[in-house]
There are 2 protein chains.
Amino acid sequence: MGDMNKNGPEAKLLVVDDEPNIRELLATSLRFAGFEVVSAGNGRDALAAAELHAPDLAVLDVMLPDMDGFTVTRRLRAAGKHFPVLFLTAKDDTEDKVTGLTVGGDDYVTKPFSLDEVVARIRAVLRRTQPQVDDDAVIRVDDLQLDDDAHEVRRGGTVIELSPTEFKLLRYLMLNPNRVLSKAQILDHVWEYDFNGDASIVESYISYLRRKVDIDPDAPALIQTKRGVGYVLRTAEKR
Amino acid sequence: MGDMNKNGPEAKLLVVDDEPNIRELLATSLRFAGFEVVSAGNGRDALAAAELHAPDLAVLDVMLPDMDGFTVTRRLRAAGKHFPVLFLTAKDDTEDKVTGLTVGGDDYVTKPFSLDEVVARIRAVLRRTQPQVDDDAVIRVDDLQLDDDAHEVRRGGTVIELSPTEFKLLRYLMLNPNRVLSKAQILDHVWEYDFNGDASIVESYISYLRRKVDIDPDAPALIQTKRGVGYVLRTAEKR
DNA sequence: CCAGACTCTGAACGTTTTCTGAGTGGGAGA
DNA sequence: TCTCCCACTCAGAAAACGTTCAGAGTCTGG
């Protein structure tokens, strides 16, 4: 969830990962985010799928059974395919391998990732490489605004400093104003997919966020608790 | 329950649960709610039924004799079936297993559930994934309005704070305006199916609701008692 | 290598909610 | 009118829930 589906698909993506769980998780999630998705489980199939479907972007695991992601990319380029690539890398992959990735509009995220982060990165790359679509990477809710490119949050002019997790949490809330989000939903979207702790961590981070976002005790609180259900970001003007 | 049947069935559902009691309870209840229902008792049959009937949504117990719900889902996706899933999980299934259940428009409810909750969740998921039908998740009766997404109730503009059970009770009443509902009916729809207390609890909650909803002593009461029969939500324009 | 920031867990605390039992009130039939 | 029964309300116990804090462990930048 997060964003509503537009009329047509936003863009066509090629998802390549050899672990079926991750592949399906990504495919399902990205489809729901409004993308058209085709997927492959190895480098060979990925090349064939790229030829067949002409995607706008590929989400590509660097660790594949037959050839690594860099080889796949090189062959794609050699075949005249110049769509951008979002690499999936393991966290312990030496950094120098990763540094060369962000040239040419490509980007990467480390496994395990959070689903909303992948969607955000994909949109960011597409925004850079296909600047015709004029969504400006700024989400606004009342006097709150979150700039994805600058990674900056403001409440009525003044900047609010947030930790990475706080930022992602607020981002998810702002993408779904006036809709109650359960702790499970928040966990699934904001936290990394392999997190297997308690959903109560969401309570902690809501608490941290409120301390930074809802400071003024007189103003109506933006972040509200729906006891037994979840949390909502409530706009002032509602219907 | 709830709504009157339209001309055709609202959507086609696949119900999968190995306990025959629960399966039949769900199937009967959902049929009455206007859905077309097919059911299966294990993962294998579920996959076959999905192939044969092409449902719009599946209600899927995560604990099945042959394979768990996640495996079923993954195989469905691999087979190109991308309809949303509403998972049924046991509450004591240490909830960390919940990871990934709410992505892609999917959702879950914990056993034991209340029947109206399941119907509400199904409608919510269908609304999110099939946005062509533009019912906007708001139920209106006179100047009362109940917003399912925001989980918020208003009486003529002002917000009314309700506890979860109060909310579900009012919701059930609003789905059946001008129809007398017996305490047994209310209990069956609003409370969890394993509740084995007295029906007099309905009286208590009606009392709580009135205190919040029918405050104005001059205005005609919305919630009315039919002595010996049950309760009605009575609209102003009606008889 | 150190200091600070960040993430996550567990526990304490206060609050809300759920449910039950008992007393009170009022409607309807005899 | 009287009586019986149903419904209403209140009060209280137990459980569930959410908030916050302190602390342990980890990561990161200087």
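Each value, and the rule that gives it
- Residues numbered from 1 in each chain as written.
- Chains lettered and ligands numbered in written order.
- Predicted model: local features only at pLDDT ≥ 70, side-chain atom pairs only at ≥ 80, totals over all residues.
- Heavy atoms only, no water.
- Contact = heavy atoms within 4.5 Å.
- Salt bridge = Lys/Arg side-chain N within 4 Å of Asp/Glu carboxyl O.
- Polar contact = N/O pair within 3.5 Å; in protein donor to acceptor, adjacent residues only side chain to side chain.
- Helix = DSSP H or I, 4+ residues; strand = E, 2+ residues; numbered from the N terminus.
- Nonpolar A, V, L, I, M, F, W, Y, C, P; charged D, E, K, R; others polar.
- Near = heavy atom within 4 Å.
- Phe/Tyr/Trp six-rings, centres within 6.5 Å; stacked < 30°, edge-to-face > 60°.
- Buried < 20%, exposed > 50% of the residue type's maximum accessible area, 1.4 Å probe, protein only.
- Arc of directions from axis to C-beta.
- Pairing = 2+ DSSP bridges.
- Axes fitted to C-alpha atoms, helices over the stretch in contact; angles between N-to-C directions.

Caption draft 1: Focus on the interface of chain A and chain B. Of the residues lining the interface, 27 residues belong to chain A; the matching set on chain B comes to 27 residues. Of the charged contacts, one joins B:Glu152 and A:Arg234 as a salt bridge, the two residues approaching to 3.0 Å between their closest N and O atoms. In this structure, the connection of chain A to chain B is made through 7 residue pairs in polar contact (both at pLDDT 80 or more). Sort the elements by how many residues they give to the side of chain A that touches chain B and helix 1 (residues 20–32) of chain A lands first, with 7 residues. Per-class residue counts for the side of chain A that touches chain B are 10 nonpolar, 8 polar and 9 charged.

Caption draft 2: Local environment of the protein's contact with DNA strand D. The full set close to DNA strand D counts 21 residues, and A:Glu203, A:Arg210, B:Lys183, B:Arg210 and B:Thr225 are the nearest of them. One of the backbone nitrogen or oxygen atoms of A:Gly228 is found 2.9 Å away from a phosphate oxygen of DNA strand D. At the level of secondary structure, the elements contributing two or more residues to the surface near DNA strand D comprise helix 8 (200–213) of chain A together with helix 7 (200–213) of chain B. Per-element tally for the surface near DNA strand D: the top contributor is helix 7 of chain B, with 6 residues. Class assignment of the residues belonging to the surface near DNA strand D gives a composition of 3 nonpolar, 8 polar and 10 charged.

Caption draft 3: Region of interest: the packing of aromatic side chains. Residues and elements named next belong to chain A. As enumerated under the stated definition, the model contains 10 aromatic pairs over all chains in all. Note on Phe-70 and Phe-87: the rings are 5.8 Å apart at their centroids and 35° apart in plane angle, and the pair reads as tilted. Here the residue Phe-70 occupies a position in helix 3 (residues 69–78), and Phe-87 occupies one in strand 4 (residues 85–90), the gap between them amounting to 17 residues. Aromatic side chains Phe-113 and Tyr-193 sit 4.8 Å apart centroid to centroid with 70° between the ring planes, which places their arrangement in the edge-to-face category. You can see Phe-113 sitting in the loop between strand 5 (107–111) and helix 5 (115–129) and its partner Tyr-193 sitting in the loop between helix 7 (183–190) and helix 8, a full 80 residues away along the chain. Residue classification places Phe-113 among the buried residues on the basis of a relative accessible area of 3%. The partly exposed category is assigned to Tyr-193, whose relative accessible area is 22%.

Caption draft 4: Representation of helix 2 (residues 43–53) of chain B in the model. Residue and element names in this part refer to chain B. Within helix 2 the residues assigned to the buried category are Gly-43, Ala-46, Leu-47, Ala-49 and Ala-50. The buried residues of helix 2 occupy an angular sector of 165° when projected down its axis, which confines them to one face. The exposed residues of helix 2 that point more than 90 degrees off its buried face are Arg-44, Glu-51 and Leu-52. Considering only its buried residues, helix 2 is in contact with strand 1 (12–16), strand 2 (36–40) and helix 3 (69–78). Measuring from the side-chain oxygen of the N-cap residue of helix 2 to the backbone nitrogen of Arg-44 gives 3.1 Å; that N-cap residue is Asn-42. Ala-54 occupies a position one or two residues after helix 2 and carries a positive phi of about 50°.

Caption draft 5: Quick peek at the sheet that holds strand 5 of chain A. Residues and elements named next belong to chain A. Spatially, 2-1-3-4-5 is the arrangement adopted by the 5 strands of the open sheet, whose pairing is parallel. Edge positions in the sheet fall to strand 2 (36–40) and strand 5, since each of these pairs with one other strand and no more. Across this sheet, the average inter-strand angle for adjacent strands is 20°, counted without regard to direction. In this sheet, strand 2 lies alongside strand 1 (residues 12–16) in parallel orientation, the contact comprising 5 bridges. Bridge pairing links Leu-14 to Val-38 in strand 2.

Caption draft 6: Seen up close, the sheet that holds strand 2 of chain B. Residues and elements named next belong to chain B. Read across the sheet, 5 strands follow the order 2-1-3-4-5 without closing on themselves; strand pairing throughout is parallel. Edge strands, defined here as strands with exactly one partner in the open sheet, are strand 2 and strand 5 (107–111). The mean inter-strand angle of the sheet, taken between neighbouring strand axes irrespective of direction, is 20°. Direction of pairing for strand 4 (residues 85–90) relative to strand 5: parallel, over a ladder of 5 bridges. Residue pairing for strand 5: Thr-89 is matched across the bridge by Thr-110. Sitting on the sheet, helix 1 (residues 20–32) is in contact with strand 1, strand 2, strand 3 (57–61), strand 4 and strand 5, with an inclination near 170° to strand 2.

It is worth stressing that arrangement in space is one thing and function is another; only the former is reported here.
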